[in-house]
Amino acid sequence: MARQSQRYWLTFPAERAKHPLIWALSKKFDLVFDIRSANVTDKIGIIALELTGDPKTLAAAVKWLRKNSVEVDPIELDVLEG
């Protein structure tokens, strides 16, 4: 099946910042993870994350993140970046 890559901004509240979110995501879903940028404090977490895998698995992972109090927004790529 075709694989695709998607980049997302993940924003989560203080109570989620103390949990291993990316680790749990990696255990639950068969995806390739690439953390592009991150700023996590004891108050808030903001992560730029690239996920690669089956489109249905990507959609399920995004749904799981949202169910776990994570705001998920696509990162719009710059036209020059490709």
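Relevant structure appears above.
It should be emphasised that the depicted structure is a prediction, and the values quoted were computed from it without experimental measurement.

**Q** Before we move on, can you summarise the nonpolar core with the specific residues and values?
**A** Ranked by size, the top nonpolar core spans 19 residues in total, and within it Leu 10, Leu 25, Leu 49, Leu 65, Val 70 and Val 72 carry the most contacts. Listed by contribution, the elements that provide at least two residues to this core are strand S1 (4-13), helix H2 (21-28), strand S3 (44-53) and helix H3 (55-67). Among the elements that make up this core, the one with the highest residue count is H3 (five residues). If near-sequence neighbours (up to four positions away) are discounted, Leu 65 is found in contact with Leu 10, Leu 21, Leu 25, Val 70 and Val 72.

**Q** Which residues make up the sheet that holds strand S4 (residues 71-74), and what are the values?
**A** Across the sheet, four strands lie side by side as S2-S3-S1-S4; this open sheet has antiparallel pairing. Two strands bound the open sheet, and with one partner strand each, they are strand S2 (32-40) and S4. Taken pair by pair, the neighbouring strands of this sheet meet at an average axis angle of 25 degrees, ignoring direction. As paired strands, S1 and S3 are joined by ten bridges and run antiparallel to one another. Its bridge partner lying in S3, Gln 6 is registered against Leu 51. Strand contacts of H2: S1, S2 and S3, with the helix running at about 165 degrees to S2, the strand carrying the most contacts. Along the sheet, H3 makes contact with S1, S3 and S4, crossing S1 at roughly 5 degrees.

What counts as what
- Residues numbered from 1 in each chain as written.
- Predicted model: local features only at pLDDT ≥ 70, side-chain atom pairs only at ≥ 80, totals over all residues.
- Heavy atoms only, no water.
- Core = buried A, V, L, I, M, F, W, Y, C linked by side-chain atoms within 4.5 Å.
- Buried < 20%, exposed > 50% of the residue type's maximum accessible area, 1.4 Å probe, protein only.
- Helix = DSSP H or I, 4+ residues; strand = E, 2+ residues; numbered from the N terminus.
- Contact = heavy atoms within 4.5 Å.
- Pairing = 2+ DSSP bridges.
- Axes fitted to C-alpha atoms, helices over the stretch in contact; angles between N-to-C directions.

Fair warning: the whole summary comes from geometry, so function is off the table for now.
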